[in-house]
Amino acid sequence: MSLVDRGAVTLLHALRRLAYDLGHLTGWRRWACAFLAGALSVLALPPIHFPPILFLTFPILVWLLDGLERELALQPRGRRKMLRAAAAIGWWFGFGYFQLGLYWIGFAFMVDADKFGFLMPFAVIALPAGLALFTMAAAMLARLFWWRGYARIVVLAVSWVIFEWLRGHVLTGFPWNLIGESLTSSDALMQWAALTGVYGLSLIVMLIVAAPAAF
(Lines give C-alpha, C1' and ligand atoms only; values in the text may rest on other atoms or scores of the structure.)
Protein backbone atom coordinates (compact mmCIF):
# COMPACT_ATOMS: atom_id res chain seq x y z
CA MET A 1 0.00 0.00 0.00
CA SER A 2 1.41 3.37 -1.02
CA LEU A 3 1.86 6.32 1.32
CA VAL A 4 -1.08 8.09 -0.34
CA ASP A 5 -3.31 5.04 0.12
CA ARG A 6 -2.34 4.73 3.78
CA GLY A 7 -3.06 8.41 4.28
CA ALA A 8 -6.50 8.03 2.69
CA VAL A 9 -7.32 5.03 4.88
CA THR A 10 -6.17 6.88 7.99
CA LEU A 11 -8.27 9.91 7.07
CA LEU A 12 -11.34 7.77 6.40
CA HIS A 13 -10.89 6.00 9.73
CA ALA A 14 -10.58 9.35 11.51
CA LEU A 15 -13.76 10.62 9.83
CA ARG A 16 -15.66 7.50 10.85
CA ARG A 17 -14.46 7.79 14.41
CA LEU A 18 -15.38 11.47 14.57
CA ALA A 19 -18.82 10.77 13.10
CA TYR A 20 -19.38 7.99 15.64
CA ASP A 21 -18.30 10.12 18.60
CA LEU A 22 -20.41 13.10 17.54
CA GLY A 23 -23.43 10.91 16.88
CA HIS A 24 -23.30 9.59 20.44
CA LEU A 25 -23.19 12.97 22.13
CA THR A 26 -26.19 13.86 24.26
CA GLY A 27 -27.47 16.77 26.33
CA TRP A 28 -25.29 19.82 26.83
CA ARG A 29 -22.30 18.22 25.07
CA ARG A 30 -24.33 17.93 21.87
CA TRP A 31 -25.52 21.53 22.16
CA ALA A 32 -22.03 22.85 22.98
CA CYS A 33 -20.61 21.07 19.95
CA ALA A 34 -23.32 22.56 17.72
CA PHE A 35 -22.70 26.03 19.15
CA LEU A 36 -18.94 25.74 18.60
CA ALA A 37 -19.39 24.48 15.02
CA GLY A 38 -21.72 27.37 14.25
CA ALA A 39 -19.36 29.91 15.80
CA LEU A 40 -16.35 28.60 13.86
CA SER A 41 -18.34 28.77 10.61
CA VAL A 42 -18.20 32.56 10.84
CA LEU A 43 -14.50 32.38 9.98
CA ALA A 44 -15.53 31.64 6.39
CA LEU A 45 -17.19 35.05 6.03
CA PRO A 46 -15.67 38.52 5.57
CA PRO A 47 -13.36 39.86 6.86
CA ILE A 48 -11.62 36.57 7.76
CA HIS A 49 -12.41 34.75 4.51
CA PHE A 50 -11.40 31.21 5.52
CA PRO A 51 -13.97 29.00 3.73
CA PRO A 52 -12.08 25.70 4.37
CA ILE A 53 -13.35 25.79 7.97
CA LEU A 54 -16.78 24.90 6.58
CA PHE A 55 -15.46 21.48 5.53
CA LEU A 56 -15.24 20.76 9.26
CA THR A 57 -18.19 22.62 10.74
CA PHE A 58 -20.99 21.53 8.40
CA PRO A 59 -20.06 17.83 8.46
CA ILE A 60 -20.20 18.18 12.26
CA LEU A 61 -23.76 19.48 11.90
CA VAL A 62 -24.62 16.51 9.67
CA TRP A 63 -23.09 13.99 12.09
CA LEU A 64 -24.90 15.50 15.05
CA LEU A 65 -28.17 15.10 13.15
CA ASP A 66 -27.16 11.55 12.17
CA GLY A 67 -26.93 10.66 15.85
CA LEU A 68 -30.64 11.27 16.31
CA GLU A 69 -31.37 8.00 14.50
CA ARG A 70 -30.79 6.14 17.77
CA GLU A 71 -33.44 8.25 19.52
CA LEU A 72 -35.90 7.46 16.74
CA ALA A 73 -35.23 3.73 17.06
CA LEU A 74 -34.97 3.32 20.83
CA GLN A 75 -37.40 5.77 22.35
CA PRO A 76 -41.18 5.57 22.53
CA ARG A 77 -42.59 8.40 20.47
CA GLY A 78 -39.05 8.70 19.16
CA ARG A 79 -39.98 10.72 16.08
CA ARG A 80 -41.29 13.62 18.14
CA LYS A 81 -38.27 13.53 20.44
CA MET A 82 -35.96 13.31 17.45
CA LEU A 83 -37.46 16.45 15.91
CA ARG A 84 -37.11 18.32 19.21
CA ALA A 85 -33.47 17.26 19.38
CA ALA A 86 -32.92 18.31 15.74
CA ALA A 87 -34.48 21.68 16.58
CA ALA A 88 -32.08 22.10 19.52
CA ILE A 89 -29.05 21.21 17.37
CA GLY A 90 -30.11 23.62 14.65
CA TRP A 91 -30.83 26.40 17.13
CA TRP A 92 -27.52 26.08 18.98
CA PHE A 93 -25.62 25.94 15.68
CA GLY A 94 -27.40 29.10 14.53
CA PHE A 95 -26.98 30.84 17.88
CA GLY A 96 -23.21 30.32 17.72
CA TYR A 97 -23.14 31.39 14.08
CA PHE A 98 -25.07 34.62 14.57
CA GLN A 99 -23.67 35.56 17.96
CA LEU A 100 -20.07 35.42 16.75
CA GLY A 101 -20.98 36.86 13.37
CA LEU A 102 -23.03 39.81 14.63
CA TYR A 103 -21.45 40.64 18.01
CA TRP A 104 -20.15 43.92 16.60
CA ILE A 105 -23.69 45.32 16.32
CA GLY A 106 -23.63 45.81 20.08
CA PHE A 107 -20.83 48.36 19.76
CA ALA A 108 -23.21 50.80 18.08
CA PHE A 109 -25.24 51.09 21.27
CA MET A 110 -22.16 52.11 23.24
CA VAL A 111 -21.56 55.27 21.21
CA ASP A 112 -24.14 56.98 23.42
CA ALA A 113 -24.22 54.45 26.22
CA ASP A 114 -26.29 56.60 28.59
CA LYS A 115 -29.23 56.51 26.19
CA PHE A 116 -28.83 53.26 24.29
CA GLY A 117 -26.53 51.03 26.34
CA PHE A 118 -29.49 49.08 27.73
CA LEU A 119 -30.19 47.79 24.20
CA MET A 120 -26.81 46.08 23.90
CA PRO A 121 -28.00 42.73 25.43
CA PHE A 122 -30.75 42.64 22.81
CA ALA A 123 -28.20 43.07 20.03
CA VAL A 124 -25.74 40.43 21.23
CA ILE A 125 -28.15 37.84 22.68
CA ALA A 126 -31.77 38.31 21.65
CA LEU A 127 -31.09 39.06 17.97
CA PRO A 128 -28.88 35.96 17.43
CA ALA A 129 -31.36 33.88 19.41
CA GLY A 130 -34.18 35.01 17.14
CA LEU A 131 -32.23 34.50 13.92
CA ALA A 132 -31.27 31.00 15.10
CA LEU A 133 -34.94 30.05 14.78
CA PHE A 134 -34.35 29.87 11.03
CA THR A 135 -31.48 27.40 11.35
CA MET A 136 -33.58 25.49 13.88
CA ALA A 137 -36.38 25.17 11.33
CA ALA A 138 -33.88 24.17 8.62
CA ALA A 139 -32.51 21.34 10.78
CA MET A 140 -36.01 20.11 11.63
CA LEU A 141 -37.16 20.11 8.00
CA ALA A 142 -33.98 18.36 6.86
CA ARG A 143 -34.32 15.68 9.54
CA LEU A 144 -37.86 14.91 8.38
CA PHE A 145 -36.45 13.84 5.00
CA TRP A 146 -33.15 12.40 6.20
CA TRP A 147 -31.82 9.73 3.85
CA ARG A 148 -28.59 7.81 3.74
CA GLY A 149 -25.44 8.79 1.90
CA TYR A 150 -25.09 12.01 -0.03
CA ALA A 151 -28.86 12.42 -0.31
CA ARG A 152 -29.02 13.77 3.22
CA ILE A 153 -26.44 16.42 2.26
CA VAL A 154 -28.75 17.56 -0.54
CA VAL A 155 -31.72 17.63 1.84
CA LEU A 156 -29.83 19.75 4.37
CA ALA A 157 -28.53 22.11 1.66
CA VAL A 158 -32.00 22.70 0.19
CA SER A 159 -33.56 23.14 3.62
CA TRP A 160 -30.81 25.55 4.69
CA VAL A 161 -31.27 27.72 1.59
CA ILE A 162 -35.07 27.77 1.94
CA PHE A 163 -34.82 29.22 5.41
CA GLU A 164 -31.93 31.48 4.48
CA TRP A 165 -34.22 32.96 1.82
CA LEU A 166 -37.04 33.32 4.35
CA ARG A 167 -34.66 35.04 6.76
CA GLY A 168 -33.85 37.51 4.02
CA HIS A 169 -37.50 38.34 3.37
CA VAL A 170 -39.68 37.77 6.46
CA LEU A 171 -40.54 40.99 8.34
CA THR A 172 -38.59 43.07 5.79
CA GLY A 173 -35.75 40.54 6.00
CA PHE A 174 -32.30 40.24 7.55
CA PRO A 175 -30.11 38.84 4.74
CA TRP A 176 -26.79 39.22 6.57
CA ASN A 177 -24.09 36.58 6.91
CA LEU A 178 -25.51 34.32 4.21
CA ILE A 179 -23.30 31.26 3.87
CA GLY A 180 -22.91 31.99 0.14
CA GLU A 181 -20.89 35.06 1.09
CA SER A 182 -18.03 32.71 1.94
CA LEU A 183 -17.26 32.55 -1.80
CA THR A 184 -16.70 36.31 -2.05
CA SER A 185 -13.07 35.75 -1.11
CA SER A 186 -12.52 34.55 -4.68
CA ASP A 187 -13.28 36.76 -7.69
CA ALA A 188 -13.60 33.62 -9.83
CA LEU A 189 -15.93 31.67 -7.55
CA MET A 190 -18.31 34.51 -6.80
CA GLN A 191 -19.02 34.92 -10.53
CA TRP A 192 -21.62 32.20 -10.03
CA ALA A 193 -23.74 34.86 -8.32
CA ALA A 194 -24.42 36.37 -11.75
CA LEU A 195 -26.30 33.18 -12.64
CA THR A 196 -27.67 31.96 -9.32
CA GLY A 197 -27.76 34.95 -7.00
CA VAL A 198 -26.39 34.78 -3.48
CA TYR A 199 -28.86 32.07 -2.45
CA GLY A 200 -27.61 29.95 -5.32
CA LEU A 201 -24.11 30.45 -3.96
CA SER A 202 -25.35 29.25 -0.57
CA LEU A 203 -26.70 26.08 -2.19
CA ILE A 204 -23.42 25.43 -4.00
CA VAL A 205 -21.44 25.97 -0.80
CA MET A 206 -23.65 23.64 1.22
CA LEU A 207 -23.53 20.86 -1.38
CA ILE A 208 -19.73 20.99 -1.36
CA VAL A 209 -18.66 21.68 2.22
CA ALA A 210 -20.96 19.11 3.84
CA ALA A 211 -19.85 16.40 1.39
CA PRO A 212 -17.17 14.89 3.71
CA ALA A 213 -20.03 13.62 5.88
CA ALA A 214 -21.06 11.39 2.96
CA PHE A 215 -17.94 9.29 3.50
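Residues numbered from 1 in each chain as written. Predicted model: local features only at pLDDT ≥ 70, side-chain atom pairs only at ≥ 80, totals over all residues. Heavy atoms only, no water.

Our next topic: the overall build of the protein. Summing up its helical and strand segments, the protein has nine helices and zero strands in all. For the protein, the α and β elements follow one another from N to C terminus as α-α-α-α-α-α-α-α-α. Scaling as 2.2 N^0.38, a compact globule of 215 residues should have a C-alpha radius of gyration of about 17 Å, and the protein matches this with 18 Å. Summarising its shape, the C-alpha atoms of the protein cover approximately 65 × 50 × 30 Å along the three principal directions. Counting only residues that meet the buried cut, the protein has 41% of its 215 residues in that class. Nonlocal contacts in the protein, meaning residues at least 24 apart in sequence, comprise 68% of its contacts between residues at least 6 apart. One finds the centroid of the 16 positive side-chain charges in the protein at a distance of 15 Å from the centroid of its 10 negative side-chain charges. (Helix = DSSP H or I, 4+ residues; strand = E, 2+ residues; numbered from the N terminus. Rg over C-alpha atoms; globule rule 2.2 N^0.38 Å. Buried < 20%, exposed > 50% of the residue type's maximum accessible area, 1.4 Å probe, protein only. Contact = heavy atoms within 4.5 Å. Lys, Arg positive; Asp, Glu negative; His and termini not counted. Charge placed at Lys NZ, Arg CZ, Asp CG, Glu CD.)

With respect to the helices and strands, the residue Thr 196 is situated in helix α9 (residues 193-209). Thr 196 gets classed as partly exposed once you look at its relative accessible area, which sits at 35%. Here Leu 201 takes part through its backbone nitrogen, which lies 3.5 Å from a polar atom of the side chain of Thr 196. (Polar contact = N/O pair within 3.5 Å; in protein donor to acceptor, adjacent residues only side chain to side chain.)

With that out of the way, let us pick up a nonpolar patch on the surface. Together, Tyr 103, Trp 104, Phe 107 and Trp 176 make up an exposed nonpolar region whose accessible area comes to about 460 Å². With respect to the helices and strands, the residue Phe 107 is situated in the loop between α5 (78-102) and α6 (113-116). (Patch = residues over 30% accessible without salt bridge, like charges linked within 9 Å, V, L, I, M, F, W, Y side chains within 5 Å. Areas by Shrake-Rupley, 256 points an atom, 1.4 Å probe, with all protein chains shown as cover. Salt bridge = Lys/Arg side-chain N within 4 Å of Asp/Glu carboxyl O.)

Moving on, we come to the packing of aromatic side chains. One pass over the full model with this rule turns up twelve aromatic pairs. Measuring from ring centre to ring centre gives 4.8 Å for Phe 174 and Trp 176, while their planes differ by 35°; the resulting arrangement is tilted. In this structure an aromatic cluster arises from ring pairing among Trp 31, Phe 35, Trp 91, Trp 92 and Phe 95. (Phe/Tyr/Trp six-rings, centres within 6.5 Å; stacked < 30°, edge-to-face > 60°.)

Glancing now at the packing of helix α3 (residues 54-66) against helix α8 (residues 151-167). Direction vectors running N to C along α3 and α8 enclose 110°, while the axes themselves pass 11 Å from each other. One element, α3, and the other, α8, form an angle in the roughly perpendicular class. Between α3 and α8, the contacting residues are Phe 58, Leu 61, Val 62, Trp 63, Leu 65 and Asp 66 on the first element and Arg 152, Ile 153, Leu 156 and Trp 160 on the second. (Axes fitted to C-alpha atoms, helices over the stretch in contact; angles between N-to-C directions. Parallel < 35°, antiparallel > 145°, perpendicular 65-115°, else oblique.)

Now for the layout of surface pockets. In this structure, the largest pocket encloses a volume near 400 Å³. Split by residue class, the lining of the largest pocket holds five nonpolar, four polar and six charged. (1 Å grid on protein atoms, 1.4 Å probe; cavity = no way out; pocket = protein on both sides within 12 Å on 5 of 7 lines; lining within 4 Å. Points joined across faces, edges and corners; volume = space filled by probe spheres on them. Nonpolar A, V, L, I, M, F, W, Y, C, P; charged D, E, K, R; others polar.)

With that out of the way, let us pick up the side chain of Arg 143. Here Arg 143 is to be found in helix α7 (residues 120-144). The exposure class of Arg 143 is buried, given its relative accessible area of 4%. A polar contact is formed between the side chain of Arg 143 and the backbone oxygen of Leu 65, at a distance of 2.9 Å. With near-sequence residues (within four places) excluded, Arg 143 lies in contact with Leu 65, Asp 66, Leu 68, Glu 69, Met 82 and Ala 86.

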